Structures are given as C-alpha cells and as structure tokens.
Amino acid sequence: MSVSEALAQVQKLAAAEEAGDKDAHASLLKAIRELQLAAETPLETTSRFNFQIMQNISIRVAIENRFLHVIVEMNGQSISAGEIAKETSSDILLTVRVMRVLTAIGLCDEVGNERYAANDKTRFKILPGSIAAEKHHFDLDFGMGGKLVEYMRGPGIHQFADKPDAITLFKYAHGTDVIFGLLEKNAEQKKAFDDYMAARRIDDMPQWFEIYPAAEKLRDLHPGPNDTLMVDVGGGPGQELARFKKRYPEIPGRFVLQDLPLTLERIEKPPGGIETMEYDFFTPQPVKGARLYFLRDVLHNWSDAKSAHILSRIVEAMDPEYSTLLIDDYVLPDTGAELRAAEMDILMWLHTAGLERTVSQWKNLFDTVGLDLVQIWSSSCGNESVLEARVHRL
Ligand SMILES: C[S@@+](CC[C@H](N)C(=O)[O-])C[C@H]1O[C@@H](n2cnc3c(N)ncnc32)[C@H](O)[C@@H]1O
C-alpha cells in the first residue's frame, strides 16, 4: 500500500470516528500502524522494534523515581529537570535523559529547555492501575526477556506445564511454573496484579449477559427456587454473577460461585443471593443439571490437555437437553487477528502456560470433550466473546 493510500484510509476512519462511529476506533489505530509501515523503510521498521526497549526502560525509571508524579503534582504548571531531580532525590543528568525519551513518545510535554508539563497521558500513567500494570508487565516480562536466549539454548521452549519435567520460561526466570505461584509469595506483585485487574474492568463495556442475550434466552424458563440457574466455575470474587443478578433480579433459581478455598476466603462479603462453594475444577462437578455453566477468563490460563479435563467435568454434570455452557474469553479469528489479541496469546503463554484460542482451536477443543459449538457471540466494542456450547447429541 502506498503512503497516500494508507493516509486516505486513516482520514476516512478518522472522519467516521468523529461522526460518532464507535466501531471505527480499532480500525483507525490499525490503519495508523499501516500508515507508519508504509512510510518507514524496512531498516526504520526493524530499528523501531530494536529501540522500543529504551522506551520501556525509560518509563520504568521514571515511575520508580516518581518523575511523572512530581510533574502531575504541579497541577498544570511546568517544572524543570533540576526541580524534578531535587524533589525525587535523583541525578539531574539521568532525569534529563529519561525525560527526553518520555516527551518524544508523548508521555509528557516538553515546554522549554529541560522543562516539562503533564498531559492527559502523564496523568493516566500515574493512576494506581497504570502503575500496577507497569510493575506487572515490566518486572515480570523483562525478567523473562533477560533469560530468554539462555533458556532457548538450555531447556528449550516449553509452552505448557502439563508434563512434570516441563520448564516454562516463567519458571526459568521467576521460580514458579506460572504467575499464580509467584503471586502467593510476592506481595508487591500480588498487589500490582489485583490493582491492574480491577482497573481493567471497565463497567461501560458490554457485559457477557448483553453480548449473549441472556434475558431473551432465559425468558421462558421457570426454575424452582432450588433449581440451579447458573454456576460460575472459577468465578473469582463473583463480580460477574453479582452484575447479572443486579441487572436481572427477577430471574429465579440458585446462583453458585465456585472457586478454590484461597480465592473464596479473600471475599469479605459474598454478593447477595449468591452461594459460594469451594471446588477444584479438575474434580467431579457437584452441581448437576444447572441451566448455565459459566467460565470466564479461565480456559486461556490452561493448555488444551488441562482445559479438556476442566471441560469434561462440566460436560459430565450437564443435562444434554437443558444445560448450556457459556465461555467468556478471547476468540481469535483464524486469520487477521488483531495485534492486541495476538499479544494477549503470547502473554498467556508467558504468564500462565496457556493460550488464547482461534475459532478452529475452540472447535477442536470442544470436539475432544463432546461439546457442540452453538454460536460465538461477539461485540464490536471490546475483545470479549461468549462461546455458547451444548453437549453433543446424536
Ligand atoms: C483469571 S481468574 C478468572 C476469575 C473470574 N472467572 C473472572 O472472570 O474474574 C481464574 C480463576 O480460576 C481459579 N482457579 C484456578 N485453579 C482452580 C481450580 N483448580 N479450581 C477452581 N478454580 C480455580 C482462580 O482462583 C481464579 O479465581
């Protein structure tokens, strides 16, 4: 694509977004990336990738030394490098060097010689959720990046932790197979993980029960008060059940939140009307014949072998004529995946020895456990999809 063709595409999508088309945003960002690629020589493209590490390192220094915090605290006034260095007990030369990168990438404004002012990206970057994301990604991912070559030439890449002798990159760099083991031992990373996850839950994005038309699907259902309407398997603190119940308080039946004792013990007060149940999802499912079994952000943490095991326990409990399984997770298209989805897949490999699945990979997984994919429900905003599955009937 020529530069002017790529530019025309950007202009078209920018106009669509300005005219209120919410779906245009992701396409606009993709078109901007394509425009940059069209304008760059191959040398410039590869060198951009080689040098992007300098940006991450500069950001991490600025966060640790609170450069951006001090700039934001000026409430719109500018501040000099000398003042930042004094306020943060940092070296002035280091401050200037790091701020040069940060202003060049737009994280802060350079308003004069060695003078800086906050912009909206600076203010966002120091929010607790952003600091948490920085620590989560930089500290863990650079730890793995630093060991990668030695690891590839030593044990070699083990994407999954199914076999007892598997050495994941996470284990090689951080000592535990996957992130969850590390979080049990590392309070700073645990807090960063929790804050990051909380900040990622954006309430105005479509909820799973809107993406999947739950009210319509359950309208003609008349469960008794003791019949189970929904089991959230590995449901964490139970926010999804709580939101669903709040939105549709009239829907009768039991709502069961299942998770490991450690997770349930952390819930100070279980959401109203929701029953908590300690349960390991590799063991037989105690709640039989529920209308809905629900798995959100669970299977992407596990290999196909482990996911098949988890799913089989649910399939055994499902009533083939009545139960539906809903899986709320990423679904990558077989071709043309968005960059963020492709990156999330790598993140799942690195942090959890899991994977984000394509449509074909989901179908193959369902085939191995006797599930039929009924439909994939998606929304134009956000990355979540809801896979609707039923027990295979002959
Ligand atoms: C990524 S979290 C997703 C939580 C929740 N579904 C959500 O969307 O917020 C994965 C959940 O799986 C739970 N989990 C991990 N291993 C489990 C097991 N063997 N049995 C039951 N739950 C488990 C974790 O405790 C955690 O709450």
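What you see is a predicted model; the values in this text were computed from it and never measured. (Residues numbered from 1 in each chain as written. Predicted model: local features only at pLDDT ≥ 70, side-chain atom pairs only at ≥ 80, totals over all residues. Heavy atoms only, no water.)

### Considerations on helix 14 (residues 239-247)
Every α-helix winds through 3.6 residues per turn, so residues three or four apart in the chain are directed the same way. How we decide: Categorising residues by exposure relies on relative accessible area from a 1.4 Å probe, with only protein chains included: less than 20% of the type maximum marks a residue as buried, more than 50% marks it as exposed, and the intermediate range marks it as partly exposed. Elements are defined by DSSP. Helices are runs of H or I of four residues or more, strands are runs of E of two residues or more, and each kind is numbered from the N terminus. The criterion used for residue contact is that any of the two residues' heavy atoms lie within 4.5 Å.
Those residues of helix 14 not exposed but buried are Gln239, Glu240, Leu241, Phe244 and Lys245. As for helix 14, its buried residues are in contact with helix 12 (208-211), helix 13 (214-218), strand 4 (228-233), strand 5 (254-259) and strand 7 (292-296).

### A word on the environment of phenylalanine 138
Mapping phenylalanine 138 onto the fold places it in helix 8 (residues 128-153). Residue phenylalanine 138 is classed as buried on the basis of its relative accessible area of 17%. Distance from phenylalanine 138 to arginine 60, taken between C-alpha atoms, is 7.4 Å for residues 78 residues apart in sequence. In this view, phenylalanine 138 contacts Asn56, Ile57, Arg60, Ala133 and Gly143; residues no more than four positions away in its chain are not counted.

### A look at the nonpolar core
For the record, the criterion: Put simply, a nonpolar core is a bunch of buried Ala, Val, Leu, Ile, Met, Phe, Trp, Tyr and Cys residues held in one set by side-chain atoms that sit within 4.5 Å of each other.
One finds Leu295, Leu311, Leu325, Ile327 and Leu371 to be the most contacted residues of the largest nonpolar core, which totals 30 residues. Those residues within four positions of isoleucine 327 in sequence are excluded, and the remaining contacts are Leu295, Leu299, Leu311, Trp362, Phe366, Ser385, Val386 and Leu387. The next biggest cluster of nonpolar side chains, apart from the first, holds 22 residues, and it includes Trp208, Leu218, Leu229 and Ile274.

### Let's talk about the sheet that holds strand 2 (residues 109-112)
For the record, the criterion: When DSSP locates at least two bridges between a pair of strands, those strands are taken to pair.
Pairing in this open sheet of three strands is antiparallel, and the strands run 1-3-2 from one edge to the other. A strand with exactly one partner marks an edge of an open sheet, and here the two such strands are strand 1 (79-80) and strand 2. Note that strand 2 and strand 3 (residues 115-117) share three bridges and pair antiparallel. Following the sheet pairing, glutamate 110 is matched in strand 3 by tyrosine 116.

### Describing the site of the ligand
Our working definition: Nearness is judged by heavy atoms alone; a residue qualifies as near a molecule or strand once a single heavy atom is within 4 Å of it. Pairs of N or O atoms within 3.5 Å make up the polar contacts considered here, provided that, within protein, one atom can donate a hydrogen while the other can accept it, and that residues adjacent in sequence are counted only when both atoms are side-chain atoms. Each accessible area value is a Shrake-Rupley result obtained with a 1.4 Å probe; residue values ignore everything except the protein chains displayed when judging cover. Gly falls in the polar group here, along with every residue not listed as nonpolar (Ala, Val, Leu, Ile, Met, Phe, Trp, Tyr, Cys, Pro) or charged (Asp, Glu, Lys, Arg).
Near the ligand, the surroundings consist of 16 residues, among which Gly234, Gln239, Asp259, Thr263 and Arg296 are the closest. A distance of 2.9 Å separates a nitrogen atom of the ligand from a polar backbone atom of phenylalanine 281. The separation between an oxygen atom of the ligand and a polar side-chain atom of arginine 296 is 2.6 Å. Bound to the protein, the ligand loses 82% of the 590 Å² it would expose on its own. Here the shell around the ligand is built from residues that sort into five nonpolar, six polar and five charged.

### Considering the pairing of strand 12 (residues 385-391)
Counting buried residues along strand 12, seven of its seven residues qualify, which places the element largely inside the surrounding structure. A two-sided burial pattern is seen for strand 12, the buried positions comprising Ser385, Leu387, Ala389 and Val391 on one face and Val386, Glu388 and Arg390 on the other. Pairing geometry for strand 8 (residues 324-329) and strand 12, over five bridges, is antiparallel. Bridge pairing in strand 12 places leucine 325 opposite alanine 389.

### Observations concerning the domain arrangement of the protein
Inclusion rule: Each domain's limits were defined by an automated method or a database of domain assignments.
What the domain assignment lists for the protein is domain 1 (3-125), domain 2 (128-200) and domain 3 (208-391). For domain 1 versus domain 3, the distance between C-alpha centres works out to 38 Å.

### Things to note about the packing of aromatic side chains
Put simply, the rule is: Aromatic rings from Phe, Tyr and Trp, taking only the six-membered ring of Trp, are treated as a pair when their centres fall within 6.5 Å; an angle between ring planes under 30 degrees marks them as stacked, one over 60 as edge-to-face, and anything in between as tilted. As a reminder, the over-ring test applies to NZ of lysine and CZ of arginine, requiring each to be within 6 Å of the ring centre and within 35 degrees of the ring normal.
Taken as a whole, this structure holds 15 aromatic pairs when the rule is applied. Ring geometry for tryptophan 208 and phenylalanine 294: centres 4.6 Å apart, planes at 40 degrees, overall tilted. In this pair, tryptophan 208 is assigned in helix 12 and phenylalanine 294 in strand 7, connecting sequence segments 86 residues apart. By the burial criterion, tryptophan 208 is buried, and phenylalanine 294 matches it. Grouped by ring-pair contacts, the aromatic residues Trp208, Phe209, Phe244, Tyr248, Phe255 and Phe294 constitute a single cluster. The ring centre of tyrosine 322 lies 5.7 Å from the NZ or CZ of arginine 291, which sits over that ring. Above the ring of tryptophan 362, the side-chain terminus of arginine 357 is found at 5.3 Å from the ring centroid.

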